[in-house]
Every structure is written in structure tokens, then in C-alpha cells.
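# Observations on chain architecture
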Amino acid sequence: MTKLAKGDILTTPGTGYIGCLTPDQKKSLKEVWSIIFDIADSGEAVLPADMMHEVEKEAKTASGVNTATAQAAAKAGWFTGNRSAKAEADAKAAGYGAGMAKISLSDLGLSVDKLRPILWDNAMGDHPDSLLLRFIRARKWNTVNALNMLFKAFKWRLDEDIPSIKYSSDGTLNEQNPKFFEQLEMGKFYINGTDKDNRIVAYLNVRLHHPGDQPAKTLEKLTIYVMECGRVLLEHPVETVCLVFDLTGFGLSNMDFNMVKYLVTVFEAYYPESLGRIIIHGAPFVFWGVWKVIEPWLDPVVASKVCFTRKDQDLLEYIPANHLPTHYKGGLNKFKYSYPHAKAGENKSMEDTETKERLVAEWKATFWKFEALTREWIKVGTKDATSTRTEAEIEAEREQVAKDLRVAFFKMDPYIRARNMFHRSNPPVASTDGSVNWVYDN
């Protein structure tokens, strides 16, 4: 059972997502949006001291926990007692002493001009609430802890230049990262179809991996590239993926502890609430010693999603037979993996700067409208409310604008982002309007 700190709340089954928030969950979402806007507008925000106390307590205790996420939280925190002396002095000088505390973008390692762009770039075609709710659920509805996690993820995306990875062509990434194409071509990992819960399924053939065969940085870049390409295949209400670690033929020479640590950190700290199920398939006896090392690294919530299958037919409990590739016994899908390379002229739209600028401007106008409605929604029913509209009226318009934002993003997408493997299949898995079409050869 997951241990809860004061201020943490377990997500009640059937709640915590867009369209099914409890009053307290909606309050948490509004608090996160409100603080983000305060920081984006002025570079700082004021938080009640009781919030600060709880996250400081978490940071102090996290150093004794051995999960990747906890270790990251234990480092110099942004909402913790590790705030700079200047920030502490500024807070005191401004009167934020007993009962209040101030946080600033300078302590976050961010700046006003970068915060809003990285937020919207991260949201892509998703409902913006969906992005925030992932972090809020991961931190059990503790507003400050969720913000701490969110801003660290933003900082990571900037430091690692994630936008350049997801917008670049695979050819460019291959030029920059030795053996990039080789990883894609061998079928070490690929995405194909969905499981019984409509999650996209990523297959990882561990026997094809040898740690010394390629630079670690290439694997890291490739992981992010595939994840960012795969994100657009998620369709509401599904927000998670199914990972199949195929250990058929696995030996100790295939084991890469550093890569496993990287995957754990990325999924837990930067793409939280993205894993719906982890299937470890066909593990040989030698793997169980390895598992004893890996299991303690996992957050308890992530560990609870791990299941083991021995025989190929056991996969049918989670993946429909007509979706499961035929190289697994019982699978009916005649899919055979081969990496589709770029087609001539597939990125010609990116050269049309006039259309690109127009569509980017339309997308920006839509997200500014969403921001304005969110500010109105946050204030409704409070002493600061200026709108005469009901919360239900504001929410209805806000939901429509979120849909408009998705439409605007996918209109803009071909002009700002290179096409990838999911646009090249015949027919394309990823359509230009954001819809997803898996075809199974049965």
C-alpha cells in the first residue's frame, strides 16, 4: 500500500480525469492553473506556508527512499528549504513571513519568456487539463508537490531540448546520433496496435539489445523520439500505454541497468501517469536475479502495473488475438515489423513559411482564448470574480475551445513537425486530423 503524507489524497476509482472530477479534485486543478498563471505573468507566486511545510517534509524524507522519482525530489528543491537566501530575504521583505512564502522562476531555473511556450509545447494536441492532471494525480492531489514535479519536467524538457527532438526528422536525428537508424531498423522496439483497454502497445525485444553496441545518448534520444511520436496516437479518454518487455532469448549480456534507470526516471518524473500496464513476457530463470535489483527502483504505483506472462498465449489475456502479431502463438495479426524510411517530399509543408505563420498564429490565438476562459473559471464563485456567467456556462465554452485547440494543433502540425513512421504506413496510422487508424492483417 502506498504511504500517504499529510495533504495527499488517493484518487477515487472512476474520478480524477477530464469530465469526472470531484469538487476537491477540481479545486486542486484550479489551484495549479492559478499558480502557473501567477508565475507566468510576474515570474513569482505566493504560497501559504502550510503548503510549503508539507513539501519540505517530503523532500527531507525522500532522500531515504530509493525510487528514481524520490531521489530526484530529494535534490535541491524549488519549493523547499533549499530556496536561495535571496528568495528567502525577498519573501521576508515583501511581508511573506508568517503564513506565506514566495517562489520565483529564477529559483526554478526558468524564465517568464520560456515558461508559457514550454507549457503549450508540452500539451501539443491534448486537452491542457489532461497534462496538468497527470502530474496532480501522480502527486496524489497535493498542489505544491504537483507543481514541483511539473516545473522540474519543464526544466528537463528545456535542458534536454525535447522540442528539437520531436520536431526533427528521423534523418536529422540519425545524422546527430550514431546508429540511430540502426536501432529503429532492427526492431528493438516498436509500437503496433492496441490492447484490450485501447492502450497503444509498445513491444521491446530485449534480446536484440547489447549495451555496448550503440552510444547511450543515442538510446536516450531515440526513446524520447518514439515516445513523442507515440503521444499523438493517444486518443481521449485513453491516456496510458501498454509496454511489452519481450524477454524471449534474454541473457545477462542483454542487461542494461543504466538504460533501465533512465526509462524509470523518464516515465515516473517526466511522463507521469503514462503507463497503464507493463507486461514482462517470457522471462528466463536468469532474469529473476535482475528483477530483484530493478523492482526497488520502481514507484509502488508503477510496480503495481507490472504483470508477468510465460507462454505466448498468456498475452491474449491483455491483447486481443486479432491485434497480437502472429510470431506470438495465438496471435492473428500478420504484422511484420519493418521501419518505413522517409518519403520524398513528405516534409514539403515545412517550407511553406506563409501558411506556417498563419496556422501558428491561429493556434496561439486559440490557446490565449483557453487561458482567458481558464482565468475566468478559476475566479467564478470567489470574491475576485468579475464574470456574471455560471461555472457550467464557462466550462462548456472552455471544453469547446479545448477541442478547437486540438483542431488548430493538427492543422499546424505538418508545417512545424517532420513526418514520422506513423504518417508513412499505408494507410497512415496517424491521420492529419489527429485521428488514429490501426489496420490489422488477419
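Numbering of residues starts from 1 in each chain and follows the order in which that chain's sequence is written. Totals for whole chains, interfaces and linings use all residues, but because this is a predicted model, local features are given only for residues with pLDDT of at least 70 and pairs of side-chain atoms are given and counted only at 80 or more. The side-chain values count all of the structure's non-hydrogen atoms but skip hydrogen atoms and water molecules.

The chain appears in an unreviewed UniProt entry as CRAL-TRIO domain-containing protein from Linnemannia hyalina.

### Considerations on the overall build of the chain
When helices and strands are counted, the chain shows 18 helices and seven strands. In this scheme, a residue with accessible area under 20% of its type's maximum is buried, one over 50% is exposed, and one in between is partly exposed, where area comes from a 1.4 Å probe on protein chains only. Counting every position in the chain, which comprises 442 residues, the buried fraction comes to 53%. Once local pairs closer than 6 in sequence are excluded, the contacts in the chain between residues at least 24 apart make up 77%. Here, Shrake-Rupley sampling with a 1.4 Å probe gives the accessible areas, and only protein chains in the shown set may cover a residue. In the structure as shown, the chain presents an accessible area of about 20,600 Å², 55% of it carried by carbon and sulfur atoms. Every helix listed is a DSSP run of H or I at least four residues long, and every strand listed is a run of E at least two residues long, numbered separately from the N terminus. The contact criterion used is simple: two residues touch if any of their non-hydrogen atoms lie within 4.5 Å.

### Brief notes about the side chain of N122
Topologically, N122 is positioned in helix α6 (residues 112–123). A relative accessible area of 4% places N122 in the buried class. What N122 contacts, discounting residues up to four positions off in sequence, is L131, F154, R157 and R231.

### So, the environment of S435
Along the polypeptide, S435 turns up in the segment after α18 (421–424). On the basis of relative accessible area, S435 is assigned to the partly exposed category, the value being 28%. Remark: the alpha-carbon pair of S435 and L234, spanning 201 residues in sequence, is separated by 9.1 Å. When neighbours within four sequence positions are excluded, S435 is seen to be in contact with E235, V429 and A430. Under the rule applied, a polar contact is a pair of N or O atoms within 3.5 Å (in protein, one hydrogen donor and one hydrogen acceptor; residues adjacent in sequence only if both atoms are side-chain atoms). Of note is the side chain of S435, whose polar atom sits 2.6 Å from the side chain of D433.

### Some points on the pattern of salt bridges
Within this document, salt bridges are pairs made up of a side-chain nitrogen of Lys or Arg and a carboxyl oxygen of Asp or Glu, the two lying within 4 Å of each other. Tallied over the entire structure, the rule returns 30 salt bridges. In this structure, R375 and D41 form a salt bridge, with 2.9 Å as the shortest nitrogen-oxygen distance. On the criterion of sequence distance, the pair formed by R375 in helix α16 (residues 353–379) and D41 in helix α1 (residues 23–42) is long-range, its members being 334 residues apart. For R375, a relative accessible area of 28% gives the class partly exposed. A salt bridge links E160 to K217, with the nearest nitrogen and oxygen atoms 3.6 Å apart. One end of the pair, E160, is in the loop between α8 (143–159) and α9 (162–167); the other, K217, is in helix α12 (residues 216–231), with 57 residues separating them in the sequence. Its relative accessible area of 42% is what places K217 among the partly exposed residues. When salt bridges that share partners are traced, they join K26, K30, E391 and E395 into one network.

### Structural notes on the packing of α1 against helix α7 (residues 128–138)
For every element, the axis is a line fit to its C-alpha atoms; helices are fit only across the contacting stretch, and the angle between N-to-C directions ranges from 0 to 180 degrees. Two elements in contact, α1 and α7, have axes whose closest approach is 10 Å; the angle formed by their N-to-C orientations is 105 degrees. By the criterion of interaxial angle, the relationship of α1 to α7 is roughly perpendicular. For the pair formed by α1 and α7, the contact residues are S28, L29, V32, W33 and I36 on the first element and P128, D129, L132, L133 and I136 on the second. Relative orientations are named as follows: roughly parallel for angles under 35 degrees, roughly antiparallel for angles over 145 degrees, roughly perpendicular for angles from 65 to 115 degrees, and oblique for any other angle.

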